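Analysis of the macromolecular model
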Amino acid sequence: MDTPLYTATISNLGGVLKSYKLKEYKDGESHPLELINETAGTKVGWPLAVLTGDKTIDDQLGKALYAGHADDGKMTLEFAANGLAAKKVIQFDRENYEFTLQTTLTKDGKNIPHAVVWQGNFGDQAIPQDPAKKNAVYQVDTSFKRVALRSLKDPQDFASVRGGVEDQYFLAMFLVQDNPAAVKVRKQEYTGPDAKLVPTLLVSAAVTEGKPLRVYVGPKQRDWLYKADPQLEAVVDYGYFGFIARPLVFCLLWIHKYVGNFGWSIIFLTIGLNLVLFPLRLKQQVSMLKMQKIQPQMRRLQDQYKKLKANDPRRAQVQTEMMGLYKEHGVNPMGGCLPLLLQMPLLFGFYSALSYSIELRRAPWIFWIKDLSQFDPYYMIPILMAVAMIVQQKLTPTANVDPAQAKMMMIMPIMFTFIFLSYPSGTGLYWLTSNVIGIGQQVFINKYWSPQAEAKLRARAKPNEKLGT
């Protein structure tokens with residue numbers, strides 16, 4: 001069945017869904033993106049199969065050859081043999097990524113309770129399959145819960161009006177009408193080409209006799225999800241940092257409307273964020289510069305503190321003097337770390353936004369960066385990012401930094417480089433841009449607020465004072 005948004009292929013053998021291609025989303029060869037894995041379907045079963053729990057009936061239905069008839073987006077499949085009769089009616093929606101499925105199943109004229117299943121390796125078939133990004137998802141009240149494929153061991157049963165499977169960017173969801181249905185989650189395994197077991201999810205939803213079951217199969221894109229079901233929009237999950245990722249995505253999409261390139265949009269958004277954070281960065285860096293002035297006094301107190309025994313009551317007095325010195329000169333001893341600490345939630349927010357926003361799937365920037373949601377194939381962004389971090393550290397005043405803190409700051413660029421080797425290149429671009437901006441801001445701060453700058457200002461002021469006398 002062909003629609004403007006997708007092409008669905010229904011097989012007469014078993015009356016199952018063997019292919020579902022999205023026209024607006026492309027694979028690595030610019031072909032419509034396939035969401036159903038053929039190998040998995042062949043070995044463990046295809047989506048939209050009917051299960052009753054009776055192995056004899058289930059095997060018969062799996063091998064049944066249905067008579068099919070298609071008319072104006074509606075497909076009717078019928079089978080009857082040995083007293084068993086099955087019928088499936090599928091109505092495809094041409095304006096959204098969904099269809100309705102109505103099933104009836106009888107044995108000798110009596111209705112048989114049954115469920116419709118989604119099984120096989122669902123998701124973006126253009127990238128290597130990653131079990132860590134595969135989940136069963138179901139609704140509880142107004143929120144969605146997940147069962148991770150990677151950690152699923154025992155079968156799990158729920159009662160819900162919405163249940164299905166997802167990967168990083170795409171969703172297949174049963175939308176049950178009226179009362180909650182029995183939703184079952186199971187793990188299936190098949191032997192892959194490398195002779196290793198490949199885990200897959202099976203999610204079934206019990207069918208109410210005579211009532212159609214709506215099925216959404218498409219991108220986890222808010223507009224399409226909301227159009228299918230307003231509550232379905234909440235299925236997009238950015239994790240613990242969603243409260244940061246959501247406004248970042250909103251701003252990124254708004255900038256992209258005018259810029260037309262997500263790479264440059266990330267850069268412009270990063271510039272805006274750093275401008276907002278600059279007053280705080282300035283305050284903290286000025287605090288560190290002030291610490292340079294009191295460095296001799298601090299060293300004297302630190303030496304005095306180290307010479308005293310651990311149980312010497314004078315230690316508390318020396319520590320009080322240190323705190324008093326900080327307060328007198330308006331110094332924050334953690335000033336050098338705070339700008340970095342403030343940026344960490346933004347970094348994790350960007351990572352979540354870029355990893356789970358389908359708008360950035362296969363979004364190019366320039367030159368070799370063809371997909372901002374994937375890692376940099378030549379690792380240039382992580383390397384440049386490390387260089388920028390080192391330069392920024394060299395420019396940042398480090399007077400009176402704790403030795404342990406100093407060591408951590410030294411290994412930070414190396415540590416970040418290794419982390420960002422596998423991160424989305426868009427996240428690395430954000431961090432690189434942020435560090436380059438930080439270098440410019442630090443040069444500005446050093447020029448106008450450093451002790452050397454103050455000395456120059458005083459030197460200029462002295463001749464003016466003489467002229468005035």
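The structure contained in this document is the topic of the report that follows. (Residues numbered from 1 in each chain as written. Predicted model: local features only at pLDDT ≥ 70, side-chain atom pairs only at ≥ 80, totals over all residues. Heavy atoms only, no water.)

Observations concerning the nonpolar core
The biggest cluster of nonpolar side chains holds 75 residues, and the ones touching the most others in it are Tyr20, Trp118, Phe170, Val217 and Leu232. Of all the elements, strand E15 (residues 170-175) adds the most residues to this core, at 6 residues. Setting aside residues up to four positions removed in sequence, tyrosine 20 forms contacts with Tyr6, Thr7, Ala8, Leu33, Glu34, Leu35, Ile36, Tyr97, Glu98, Phe99 and Val217. Residues Ile266, Leu360, Met412 and Leu432 belong to the second largest nonpolar core, which totals 32 residues. (Core = buried A, V, L, I, M, F, W, Y, C linked by side-chain atoms within 4.5 Å. Buried < 20%, exposed > 50% of the residue type's maximum accessible area, 1.4 Å probe, protein only. Helix = DSSP H or I, 4+ residues; strand = E, 2+ residues; numbered from the N terminus. Contact = heavy atoms within 4.5 Å.)

Regarding the sheet that holds strand E2 (residues 17-26)
One open sheet accounts for 3 strands, arranged E1-E2-E3; its pairing is antiparallel. The open sheet has two free edges, formed respectively by strand E1 (6-10) and strand E3 (32-34), since each of these has just one partner strand. Each strand of the sheet is rotated relative to its neighbour by a mean of 25°, with strand direction disregarded. Note: E1 against E2, 5 bridges, orientation antiparallel. Across the sheet, the residue bridging to tyrosine 6 is leucine 22, located in E2. (Pairing = 2+ DSSP bridges. Axes fitted to C-alpha atoms, helices over the stretch in contact; angles between N-to-C directions.)

Overview of the packing of aromatic side chains
All chains considered together, the criterion is met by 22 aromatic pairs. Relative to phenylalanine 158, the ring of tyrosine 138 lies with its centre 3.8 Å away and its plane at 20°, an arrangement referred to as stacked. Placement of the pair is tyrosine 138 in strand E11 (residues 135-140) and phenylalanine 158 in strand E13 (residues 156-160), with a sequence separation of 20 residues. Relative accessible area serves as the criterion here: at 12%, tyrosine 138 is assigned to the buried category. Between phenylalanine 241 and phenylalanine 348 the ring centres are 5.1 Å apart and the planes differ by 35°, which places this aromatic pair in the tilted class. Within this pair, whereas phenylalanine 241 is found in the loop between helix H3 (222-228) and helix H4 (242-259), its partner phenylalanine 348 is found in helix H8 (residues 338-356), the two being separated by 107 residues in sequence. The exposure class of phenylalanine 241 is partly exposed, given its relative accessible area of 28%. According to the relative accessible area criterion, phenylalanine 348 is partly exposed, its value standing at 31%. Through pairs of rings, three or more aromatic residues link up here, namely Phe350, Tyr351, Phe416, Phe420, Tyr423, Tyr430 and Trp431. (Phe/Tyr/Trp six-rings, centres within 6.5 Å; stacked < 30°, edge-to-face > 60°.)

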